[in-house]
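Okay, here's what each chain looks like letter by letter:
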Amino acid sequence: MLRGRSLSVTSLGGLPAWEAERLPVEDLLLFEVSWEVTNKVGGICTVIQSKAKTTANEWGENYFLIGPYFEHNVKTQVEPCEPANDAVRKAVDAMNKHGCQVHFGRWLIEGSPYVVLFDISSSAWNLDRWKGDFWEACGVGIPHDDREANDMLIFGSLTAWFLKEVTDHADGKHVIAQFHEWQAGTGLILSRARKLPIATIFTTHATLLGRYLCAANIDFYNQLDKFNIDKEAGERQIYHRYCMERASVHCAHVFTTVSEITAIEAEHMLKRKPDVVTPNGLNVKKFSAVHEFQNLHATYKARIQDFVRGHFYGHLDFDLEKTLFLFIAGRYEFSNKGADIFLESLSRLNFLLRMHKSNVTVVVFFIMPAKTNNFNVETLKGQAVRKQLWDTVHCMKEKFGKKLYDGLLRGEIPDMNSILDRDDLTIMKRAIFSTQRHSLPPVTTHNMIDDSTDPILSTIRRIGLFNNRTDRVKVILHPEFLSSTSPLLPMDYEEFVRGCHLGVFPSYYEPWGYTPAECTVMGIPSVTTNLSGFGCFMQEHVADPTAYGIYIVDRRFRSPDDSCNQLTQFLYGFCKQSRRQRIIQRNRTERLSDLLDWRYLGRYYQHARHLTLSRAFPDKFHLEPTSPPTTDGFKYPRPSSVPPSPSGSQTSSPQSSDVENEGDEDERYDEEEEAERDRLNIKSPFSLNHIPKGKKKLHGEYKN
């Protein structure tokens, strides 16, 4: 699109016109404002960080991120430099002259975007004055004892000040500012109250009140249109925060959110229908060798197996080659993240596997940070025993190998009795005794501070999953984020995910859901729900999500017990798959990664920027008042070969062998043909998502 030229959304050469004509980025400045710029708190940091490369490639030197300054983060993540843009340089200098501490540099991530960081503490002396300004702007008062809200007001006031300085020196360039979440919203409110000449976008990644209500086990989706919003926010002592969020929504030229399910929620909670839905993507990297991700799965699976050998020493009576690794990860929100329904389904899965005398074992990891007193002794001892045993075996192997080598050189087949002497037998017997234990393997790797009231541990006690020998489902709670420097499980999160077989995320409240999306990009099947943005997105774009390794639990229109049964059947069916079926499914899962690439999903943000420019500067930019394009008609088809679910073609017992029915599958499964068809599908032009006017939204029929 050129300045002053009408922008139509009619189709042009197979693409919408707004895609065919790019924004004149050389005449624009784009700022994205978030509390999570260089400051990892939650998923918003992942959104901004993963999107930075695509946005920086499009906007070049005219793209800037605004966030808070924390010295411990900046020292390791930001390279200081001088602003090349004249307006930004003058704005930074002007604020620094007035006593603010504004830092500028490049964020050392892919794309190396410019960052403007405000030191909140250095400007805290202005808090009372800025509270008065905020009250005059929107009539919202902030309690003195809410430190977080006070910090957000300082951050927003500095942001509005900075944007005013930029627009004063913009030299004819138009400014777009996108604000993420209520933490950045005060800057938007103050900018609009002061009538700054900027185009504003507000993006909510979850509503404040929605998260609180779901965490309280309230019948949320069935009662969306019945809540007394002010009363609910007041009872939870977040009324002022809710008002800040709602004011941000209504002050913005364009309001966006990350999924259809959150759009429905926002319409009821925040009283404004989102203009554009902007799904979250990832910066997808493809390997030059097509099946390299399968090799990585095997490599990291072996490292997880080593950990399991140590953790279950003395009780390692199950075959690790027939053991499946499942995991759930994320913030410790017991019901919101679906840990409650997951544990219940594991109890039922354990019963099914035992009843069918399955030789499959399932080891489930809960990677959810909680308060701990460091690692527990029994867990560390297990890894020490494993390493000591490995060292013993390695020494004996060297000795055995030398004797065998010497014997073969002499042309003799050595007598085993001469190779293994009495001392060797003694060492082996001592090694066997060292692996004996008189207690069950622990269900947690750390000493929990609130052991007796911890929701996961309390549920484990209730359902009786204590890692007994007879249990086919074993549980390990790792209440700390994974790290390659850990003495217990030295793996980064990405490595761990690649080594697992299935990620399980049966969330009740999940506006988007980065964890299953990350699994998909790495070629690992996952479980999600139709109450997560990711699950709804996949249902819309994939005709048969299960065949592609995306299991979607219905938590919206089923009762809690029915949802739990459905999840159990998904897990049980996954356990019945042969190794070959799992490989086929991982190949299909990995091919869906193109759907989640920012190169494609960035178009949604592109449309939002077009729309906000047309509303903020209608005399310069014009968007014809027609509905945004939709994704109708774009769908991965159902695979022509048999789906890798064994329910229809395999035996009822999960004891199928790795080679079972392989000849039959070879005839019905042509990977190259499927892959080529999927590649053609993703290249087909698809248009943007929106919320159709007049479309009636259905609420959930049951509380899960």
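This report concerns the structure included in the present document. (Residues numbered from 1 in each chain as written. Predicted model: local features only at pLDDT ≥ 70, side-chain atom pairs only at ≥ 80, totals over all residues. Heavy atoms only, no water.)

So, on to the overall build of the protein chain. From N to C terminus, the protein chain includes 25 helices and 21 strands. Here the protein chain holds 704 residues, and the buried ones make up 58% of them. Counted over contacts in the protein chain with a minimum sequence separation of 6, partners at least 24 positions apart contribute 76%. For the protein chain, the accessible surface area stands at approximately 29,300 Å², while carbon and sulfur atoms represent 51% of it. (Helix = DSSP H or I, 4+ residues; strand = E, 2+ residues; numbered from the N terminus. Buried < 20%, exposed > 50% of the residue type's maximum accessible area, 1.4 Å probe, protein only. Contact = heavy atoms within 4.5 Å. Areas by Shrake-Rupley, 256 points an atom, 1.4 Å probe, with all protein chains shown as cover.)

As a further point, take the side chain of S259. Secondary-structure assignment places S259 in the loop between β11 (254-257) and α11 (260-269). Relative accessible area serves as the criterion here: at 2%, S259 is assigned to the buried category. Ignoring anything within four residues of it in the chain, the contact list for S259 reads V277, P511, W512 and G533.

Before going further, it helps to spend a moment on helix α19 (residues 514-521). Within α19, eight of the eight residues are buried, which leaves it mostly tucked inside the rest of the structure. Listed as buried for α19 are Y514, T515, P516, A517, E518, C519, T520 and V521. Taken from the residues just after α19, G523 is the one with a positive phi, measuring 80 degrees.

With that out of the way, let us pick up the pairing of strand β19 (residues 526-529). In the case of a regular strand, side chains alternate between the two sheet surfaces. The alternating pattern of β19 places S526 and T528 and V527 and T529 on opposite faces, both of which are buried. The β-α-β motif built from strand β18 (residues 502-504), the intervening α19 and the parallel element β19 has right-handed crossover chirality. For β19 and strand β20 (residues 550-553), the ladder comprises four bridges, and the chain directions are parallel. Directly across from S526, in β20, lies its bridge partner I550. Handedness of the β-α-β unit built from β19, helix α20 (residues 533-541) and β20 comes out right-handed. (Right-handed = clockwise from strand over helix to strand, strands pointing away. Pairing = 2+ DSSP bridges.)

A sheet is described by the order of its strands in space; here six strands give the open sequence β17-β14-β13-β18-β19-β20, paired in parallel fashion. Only two strands of the sheet have a single partner each, and these edge strands are β17 (473-478) and β20. The sheet shows a mean angle of 25 degrees between the axes of neighbouring strands, taken without regard to direction. As paired strands, strand β13 (residues 323-329) and β18 are joined by two bridges and run parallel to one another. When the sheet's bridge partners are listed, F327 is paired in β18 with G503. (Axes fitted to C-alpha atoms, helices over the stretch in contact; angles between N-to-C directions.)

It is worth spelling out the pattern of salt bridges at this point. One pass over the structure, following the stated rule, counts 35 salt bridges. Linking K75 and E71 is a salt bridge whose minimum nitrogen-to-oxygen distance equals 3.4 Å. Of the two residues, K75 and E71 are both situated in helix α3 (residues 71-77); the distance of four residues between them amounts to about one turn of the helix. Note on E71: relative accessible area 44%, which makes it partly exposed. Put simply, R303 and E495 hold a salt bridge, and the shortest N to O gap is 3.7 Å. (Salt bridge = Lys/Arg side-chain N within 4 Å of Asp/Glu carboxyl O.)

Time to look at helix α17 (residues 455-463). Structurally, the α-helix is built with 3.6 residues per turn, so residues lying three or four positions apart point the same way. Looking only at α17, the buried set comprises I456, L457, T459, I460 and I463. Taken around the axis of α17, the buried residues stretch over an arc of 160 degrees, which confines them to a single face. Its buried side turned inward, α17 meets α13 (339-355), β14 (361-367), β16 (446-448) and β17. Its side-chain oxygen 3.2 Å from the backbone nitrogen of I456, D454 forms the N-cap of α17. Looking at the residues trailing α17, positive phi occurs at G464, about 75 degrees. (Arc of directions from axis to C-beta. Polar contact = N/O pair within 3.5 Å; in protein donor to acceptor, adjacent residues only side chain to side chain.)

Turning our attention to the packing of helix α14 (residues 377-409) against helix α16 (residues 422-434). For the pair α14 and α16, the least separation of the axes is 11 Å and the interaxial angle reads 160 degrees. With respect to their mutual orientation, α14 and α16 come out roughly antiparallel. Note that α14 runs across α16; the crossing there is left-handed. Across the interface between the two elements, V385, L389, T392, M396, K399 and K403 of α14 pack against D424, I427, M428, A431 and S434 of α16. Along the lines of polarity and charge, the residues of the contact of α14 with α16 split into six nonpolar, two polar and three charged. (Parallel < 35°, antiparallel > 145°, perpendicular 65-115°, else oblique. Left-handed = near helix turned anticlockwise from the far one by under 90°. Nonpolar A, V, L, I, M, F, W, Y, C, P; charged D, E, K, R; others polar.)

On to unusual backbone geometry. Of note, N374 is a non-glycine position whose phi angle comes to about 75 degrees, a positive value. Tracing the sequence through the fold places N374 in strand β15 (residues 372-375). Classification of N374 as partly exposed rests on a relative accessible area of 47%. Unusually for a residue other than glycine, N467 sits at a positive phi of about 65 degrees. Looking at where N467 falls in the secondary structure, it is placed in the loop between α17 and β17. Judged by its relative accessible area of 1%, N467 falls in the buried class.

Now for the packing of aromatic side chains. How two aromatic rings sit relative to each other is given by the distance of their centres and the angle of their planes. For the structure shown, the criterion picks out 29 aromatic pairs. Measuring from centroid to centroid gives 5.7 Å for W512 and F537, while their planes differ by 65 degrees, and the two rings are edge-to-face. Pair noted here: W512 is in the loop between β18 and α19 and F537 is in helix α20, with a separation of 25 residues, a long-range link. Summarising the burial analysis for this pair, W512 and F537 share the class buried. Summarising the aromatic geometry, the rings of Y551 and F574 are spaced 6.4 Å apart at their centres and angled 85 degrees between planes, so their arrangement reads as edge-to-face. Here Y551, found in strand β20, pairs with F574, found in helix α21 (residues 560-575); they are 23 residues apart in sequence, far enough to count as distant. Here Y551 falls in the buried class, since its relative accessible area comes to 4%. Through successive ring pairs, a cluster of aromatic residues spans F31, W35, F64, F70, F104, Y114, F118, F155 and F162. Sitting over the ring of Y605, K51 keeps its end group 4.7 Å from the ring centre. Of note, R437 hangs over the ring of Y313, and the distance from its end group to the ring centre comes to 4.1 Å. (Phe/Tyr/Trp six-rings, centres within 6.5 Å; stacked < 30°, edge-to-face > 60°. Lys NZ or Arg CZ within 6 Å of the ring centre and 35° of its normal.)

Pairing is mixed in the open sheet, where nine strands are placed in the order β6-β7-β8-β5-β4-β9-β10-β11-β12. In the strand order of this sheet, the two ends are held by β6 (78-80) and β12 (276-277), each with one partner. Direction of pairing for β11 relative to β12: parallel, over a ladder of two bridges. When the bridges of β12 are listed, T257 appears paired with V277. Contacts from helix α4 (residues 86-97) reach β4 (28-33), β5 (63-68), β7 (102-107) and β8 (114-118), with the element oriented near 145 degrees to β7. The strands that helix α10 (residues 239-251) touches are β10 (198-204) and β11; relative to β10, the one it contacts most, it runs at about 135 degrees.

Bringing the nonpolar core into the picture now. Counting residues in hydrophobic clusters, the biggest one holds 73 residues, and the most contacted among them are F31, F118, L158, F162, F220 and M269. If you tally residues by element for this core, the top one is helix α6 (residues 147-168), at eleven residues. F312, V364, F496 and M522 belong to the second largest nonpolar core, which has 65 residues in total. (Core = buried A, V, L, I, M, F, W, Y, C linked by side-chain atoms within 4.5 Å.)

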